[in-house]
Amino acid sequence: MIGVAFALHETFGIANGTERIAFERVVYQFAGQRGLGIDSTAVERIARIDDAALSSPAALAEAFSTAFGSTLLHAADATWLEALFRMTAAGAVGERFVPFDDVAPALRKIAEMHVPRVALSGGWPTIDQRKADLVGFDGSIVFAQDLGVAASTPAAFARVADALKLPADRIWFVASDARGEILPAAAAGLRTIWVNRNGAE
């Protein structure tokens, strides 16, 4: 018996700035509700923030502080902003996320063969769950963020093995990031399949 694990970061499709779009929407919504002015300097700061700077609760809180500049955000504001961001981002996935054409057929084929399958999320659970839903992934998902670890750590791969109830060397890990996903998975003892859509070296 083998199992298949998929990295959710751009293995199933292209996110197209889902996090950034959600962040911008939340910033302007919050500013409107609180009567906060968004000056040209703040707009420039917001425009420079990308998905990589929004990858965790701590990073998100820092991004909001950067966007509002000297405006002091209370702890309650940070909690509320994170919750709003999660909801807004989940909704934005349907607008921005573009699944690869070959993913859904491949997932159906794996399901037909009754191969156990799991996905590993290194991003926001609400976003990655929606991506998985859109491509028809019916396996369980390990959310590294909920575990408090990075998706590239041994602890995350151990949880993947636990979910599949298989030893690491019986699991094929499928991912698109050779350095950030494939190499750590191989180091953790998983077999790997690099989806190299861009023909990188």
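None of these values were measured; they are calculated from a predicted model. (Residues numbered from 1 in each chain as written. Predicted model: local features only at pLDDT ≥ 70, side-chain atom pairs only at ≥ 80, totals over all residues. Heavy atoms only, no water.)

1. Describing the pattern of salt bridges
Quick reminder of the rule: Any carboxyl oxygen of Asp or Glu within 4 Å of a side-chain nitrogen of Lys or Arg constitutes a salt bridge here. Going along the chain from the N terminus, every DSSP run of H or I of four or more residues is numbered as a helix, and every run of E of two or more is numbered as a strand. Between buried and exposed lies partly exposed: a residue is buried under 20% and exposed over 50% of the maximum accessible area for its type, with that area taken using a 1.4 Å probe on protein chains only.
Going through the model one piece at a time under the given rule, you end up with six salt bridges. Between Arg117 and Asp138 there is a salt bridge, with the nearest N and O atoms lying 2.8 Å from each other. Here Arg117 is found in strand β4 (residues 117-121), whereas its partner Asp138 is found in the loop between α6 (125-135) and β5 (140-143), with 21 residues between them in sequence. What makes Arg117 buried here is its relative accessible area of 18%.

2. Considerations on helix α8 (residues 154-164)
Note the following rule: Here, the arc refers to the directions that run from the helix axis to the C-beta atoms. Pairs of residues are marked as contacts when any of their non-hydrogen atoms sit within 4.5 Å.
All buried positions along α8 are accounted for by Ala156, Phe157, Val160, Ala161 and Leu164. The arc enclosing the buried residues of α8, seen along the axis, measures out at 145°, which places them on a common side. Its buried side turned inward, α8 meets β1 (3-7), β4, β5, β6 (171-175) and α9 (178-187). In the stretch just after α8, Lys165 is the one whose phi turns positive, near 55°.

3. Focus: the side chain of Arg117
Filter applied, for reference: Polar contacts, as used here, are pairs of N or O atoms within 3.5 Å; protein pairs need one atom able to donate a hydrogen and one able to accept it. Residues neighboring in sequence count only if both atoms are side-chain atoms.
Polar side-chain contacts of Arg117 include one of 2.6 Å to the backbone oxygen of Val115. Separated by 2.8 Å, the side chains of Arg117 and Asp138 make a polar contact. Ignoring anything within four residues of it in the chain, the contact list for Arg117 reads Val4, Ile110, Ala111, Phe137, Asp138, Gly139, Ser140 and Leu164.

4. With respect to the sheet that holds β1
The criterion, for reference: DSSP-based pairing: two strands are paired if at least 2 bridges between them are found. Axes here mean lines fitted to C-alpha atoms, for a helix over just the part in contact, with angles spanning 0 to 180 degrees between N-to-C directions.
Taken in spatial order, the five strands line up as β5-β4-β1-β6-β7 in an open sheet, and their pairing is parallel. The two strands at the open ends of the sheet, each matched to only one other strand, are β5 and β7 (191-194). Within the sheet, the average angular offset between the axes of one strand and its neighbour, ignoring direction, is 25°. In this structure, β6 lies alongside β7, joined through four bridges in parallel fashion. Along β7, the bridge assignment pairs Phe173 with Thr192. Strands in contact with α8 are β1, β4, β5 and β6; relative to β4, the strand with the most contacts, it is inclined by about 155°. α9 rests against β1, β6 and β7 of the sheet, and its axis sits at about 160° to β7.

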